[in-house]
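What the coordinates show
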Amino acid sequence: MHKPTARILPYGLGAGIFFWGVLYLVWHPHPFHRGPPPQAWPHHDHPTKWSARADAVKDAFLHAYRGYQEYAATADELLPLTDEPTNNFNGWGVTLVDGLDTMWIMDLRHEFYDTMPIFAKMNFYLDQDHFAPFFETVIRYLGGLLSAYALSGEPILLERADDLGRMLLPAFNTSSGLPMYAVNTVTGQTRGGWSRGTVLWSEALSCQLEYKYLAHLTKNRGYYDHVEKIMDIMRNANVTDGMFPTRWTLSDATPMNAQFSVGAFADSAHEYLLKQWLMTSKSETKARDLCQSPHHPILASDHPTPHFRPARSVQHHPALLYLTPNRQLLYVTTPPRSRRAHLPLAPRDKQLHEWAARGLAHTCWTTYADQPSGLGPDEMGMHAVPTTPENPFAGRWYEQVEKWEAEGRPGDPRPRRGGDRDYTTRKAAYYLRPETVESFYIMWRTTGDERWRERGWAVFEAIEREAKTPSGYASLESVESSPARKKNEMPRLKYLYLLFTDVELIPLDRWVFNTEAHPLPVFQWTDKEKKQYDIY
C-alpha cells in the first residue's frame, strides 16, 4: 500500500484552494470592470489595534521599497545582505511591477505615480540569447500590470500589458497549442525547459486569468483564443474523472505521466480553473465543470461509505487527505497513480471543504508555531498512521470524519494541541512565500474568526525579528534556530496588510487574486464579446 509520508501541500496553498472552493458557492457576481477602487481607502483618524498593525506592515513595505530604490533602482530585485542589484527575472524591474498594486492598496499614491515615467519607457527588451519564462512572466509581470491598471485606471499600464501580452504570444506556437517554457520577446524564438518536449499542467493552465482579462480590455480575440484552446484540450482530454496529470506533451497535448497532484506542478492550475469562472461572473461553464470534478474525490477516499460510493473504475486508489498520528494534523499527499470520482456539491460537501480548509491552514500555522524562529519550513514530510487490521484506512481524513459524525460529533474537530511533532523537516529554509498568510487572509474574510489575524500578526512579528536587514528583508537558511541565518532574497507583504485592515479593501466577491497575489476584477462578458469569442 502507498504510505502517505509525503510533503505537506506547500505553504498553505491547499487551504486556499479549498476555501476558494467554498467561497464560490456563497457569493454573488457583481459587474466590475476596472478602477476606481471599489471603495474609499480608510484613513485612521481613530487608530485601532488592527489599523496600527496594518500601518506596521505598510512601514515594512516602505522600508523594503526604499532600500530597493537606493541600491537597486530599476533592476529586478535587491540583494538585501550585500545591497546589490540583481536581474533574475528578465531585467525589467519585477520589484516595481509586483509592487504597483501593493502601493495602491496601501494608499501610497506618491510612490505609485513616481513610477509611471519608468513604465512609459518600458519596452520588455531581451538580448537574442535570453528568454523570458512564460509562466513566471505572465503571473508576475502581466498580472502585476493588469492589476495595477484595474485599481488605478492608468492608461500606460494597460498599454504596457498589451505590449507584453502580444510579445509573449509566440510561446503558443506549438503543434498542440500548449505553451513553450520560455520565449524571446524581441525575436519570438522559444525554448524548452528542464523537461524537454513537455509542459507542466500548472504552467499550461495558469495564464487564462491574465489573458482573458486582457482580451476583455483590448477586444483582441487572439488573447482569448490561445488560452481557451488549452481549456478545450483539457475538456476533451482522455482523462478519467477529471484526473489531470502533471506533465503533458507539447507535440500532441497528451498526458506524459499518471501523476495527480494538488501540490507542485499542478497547484495553480486547480486555482485558475475555479478563478476563471469567478472572474467572468460565473459565465464560463467549461471552467466551472473542469474545476468541480477534482474537489470531492480529493476530500474523500475510494471505499464505499454512507455518503460516498465511488465509481467502479475509481475504487482502490489512495486518498489524498490524511491525519498524522499524534496531533491529528491534516495534510495532503500525492499518490503515484490514482483514479477519482466526481461528486456534485451539496451542503454537506461544502462543510467538508470548510473543514478541510481549516485543517490545512491549522497545520500550516502549527508548523510555524513549532519553530524557534516562528516561521515555517519550506518542505516537510508528514508521519503516517500505520495500517492495521483494526484500522485498515490508517489516517485517511474522510474516514475519520465519518467516524466522528457517526459518534455524534463529540468534542472539538480541530487538531489536538501539544504532543510530539509528527512531521520531519526536509527543507528548513524560509523563502518569504505568501501562501500561508494568503490562507489566513481567506480564512479570516470567510469565517470572521480573528484567530487567523492573530496568527498572521505572529508571522509578521517573526519576519520583522528574523528577516529584517538595514535595506529590506531576507530569506532564511533555517527556521530551526533564532536568530536565523539570512539569505540574499526579498519578501511580499500584501496579504498581511489586507489581513489587518478592518475595511475589506479588495472584496472577494469583486476581485480574484492571481497565483502571484495580484487582484484582478470580476467582470461580465458583453453580448458582443460572447458572440465574438464563442463563449458559452
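Since we're looking at a predicted model, the values are computed, not measured.

The next thing to look at is the overall build of the protein. When helices and strands are counted, the protein shows 18 helices and 17 strands. Looking at the 536 residues of the protein, the share that counts as buried comes to 60%. Partitioning the contacts of the protein with sequence separation of at least 6, the portion at a separation of at least 24 is 75%.

As a further point, take the sheet that holds strand β4 (residues 182–183). An order of β3-β4-β5 is seen for the 3 strands of this open sheet, with the pairing classed as antiparallel. Edge strands, defined here as strands with exactly one partner in the open sheet, are β3 (132–133) and β5 (190–191). Of the strand pairs in this sheet, β4 and β5 are connected by 2 bridges, and their pairing is antiparallel. If you follow V183 over to β5, its bridge partner there is T190.

The biggest cluster of nonpolar side chains holds 135 residues, and the ones touching the most others in it are L157, L178 and Y211. With 12 residues, the single largest contributor to this core is helix α6 (residues 134–152). Not counting the four nearest positions on each side in its chain, L157 is found in contact with L100, F112, M116, F119, L145, A148, Y149 and S152. Of all hydrophobic cores here, the second largest spans 11 residues; its members include L321, W397, Y398 and W404.

Right, let's get into the pattern of salt bridges. For the structure on display, the rule yields 29 salt bridges. Put simply, E454 and R53 hold a salt bridge, and the shortest N to O gap is 3.0 Å. Of this pair, E454 sits in helix α16 (residues 451–467) while R53 sits in helix α2 (residues 49–71), and the two are 401 residues apart along the sequence. E454 sits in the partly exposed class, given a relative accessible area of 32%. With a relative accessible area of 13%, R53 lands in the buried category. The structure contains a network of salt bridges with shared partners spanning K212, E228, D232, R235, E284 and K286.

Turning to the confidence of the model for the protein, a few remarks are in order. When pLDDT is averaged across the protein, the result is 85; 82% of the residues are at 70 or more. Counted against residues more than four places away or in other chains, residues 24–39, with its pLDDT under 50, gives 51 contacts. In this model residues 335–344 is a low-confidence stretch, pLDDT under 50, and it forms 44 contacts with partners more than four residues away in sequence or in other chains.

Structurally, the position occupied by V94 is in helix α3 (residues 94–105). According to the relative accessible area criterion, V94 is buried, its value standing at 0%. Separated by 50 residues in sequence, V94 and G144 place their C-alpha atoms 9.0 Å apart. Filtering out sequence-adjacent residues up to four positions away, V94 remains in contact with A75, D76, E77, F89, R140 and Y141.

Burial along strand β10 (residues 379–382) is two-sided: the residues E379 and G381 and M380 and M382 are all buried. Sheet topology note: the β10/strand β11 (residues 423–427) ladder contains 4 bridges and is antiparallel. Paired with G381 across the bridge in β11 is T424.

Glancing now at helix α11 (residues 267–279). With 13 residues, α11 extends 18 Å from end C-alpha to end C-alpha; this agrees with the ideal 18 Å at 1.5 Å per step. For α11, the tally of buried residues reaches 13 of 13 residues, placing the bulk of the element in the interior. In the segment just after α11, S281 is the residue with positive phi, at about 60°.

This part is about the environment of A269. With respect to the secondary-structure elements, A269 resides in helix α11. A residue is classified by how much of its surface remains accessible, and A269, at 0% relative accessible area, is buried. Linking A269 and C291, residues 22 residues apart in sequence, is a C-alpha distance of 9.2 Å.

With that settled, consider helix α9 (residues 208–218). Burial within α9 is extensive, with 10 of its 11 residues counted as buried. Of all the positions in α9, only Q208, L209, E210, Y211, K212, Y213, L214, A215, H216 and L217 are classed as buried. Once α9 finishes, K219 follows within two positions and takes phi at roughly 65°, a positive value.

Orientation of α6 relative to helix α7 (residues 155–168), taken along the N-to-C sense of each, is 155°, at an axis distance of 8 Å. When the axes of α6 and α7 are compared, the pair comes out roughly antiparallel. When the axes of α6 and α7 are compared, the crossing they make is left-handed. Where α6 abuts α7, its residues F134, T137, V138, Y141, L142, L145, L146, A148, Y149 and S152 lie against P155, L157, L158, R160, A161, L164, G165 and L168. Tallied by class, residues from the contact of α6 with α7 come to 14 nonpolar, 3 polar and 1 charged.

Cis rather than trans, the peptide bond between S482 and P483 has omega equal to 0°. By the secondary structure assignment, P483 is in the loop between β14 (475–476) and β15 (486–487). Positive phi values are uncommon outside glycine, yet K219 reaches one of about 65°. The residue K219 is located in the loop between α9 and α10 (221–236) in this model. Owing to a relative accessible area of 44%, K219 belongs among the partly exposed residues under this scheme. At A394, a residue that is not glycine, the phi angle is positive and equals roughly 50°. According to the relative accessible area criterion, A394 is buried, its value standing at 5%.

Definitions and cut-offs
Residues numbered from 1 in each chain as written. Predicted model: local features only at pLDDT ≥ 70, side-chain atom pairs only at ≥ 80, totals over all residues. Heavy atoms only, no water. Helix = DSSP H or I, 4+ residues; strand = E, 2+ residues; numbered from the N terminus. Buried < 20%, exposed > 50% of the residue type's maximum accessible area, 1.4 Å probe, protein only. Contact = heavy atoms within 4.5 Å. Pairing = 2+ DSSP bridges. Core = buried A, V, L, I, M, F, W, Y, C linked by side-chain atoms within 4.5 Å. Salt bridge = Lys/Arg side-chain N within 4 Å of Asp/Glu carboxyl O. pLDDT = per-residue confidence, 0-100. Expected span 1.5 Å × (residues − 1). Axes fitted to C-alpha atoms, helices over the stretch in contact; angles between N-to-C directions. Parallel < 35°, antiparallel > 145°, perpendicular 65-115°, else oblique. Left-handed = near helix turned anticlockwise from the far one by under 90°. Nonpolar A, V, L, I, M, F, W, Y, C, P; charged D, E, K, R; others polar.

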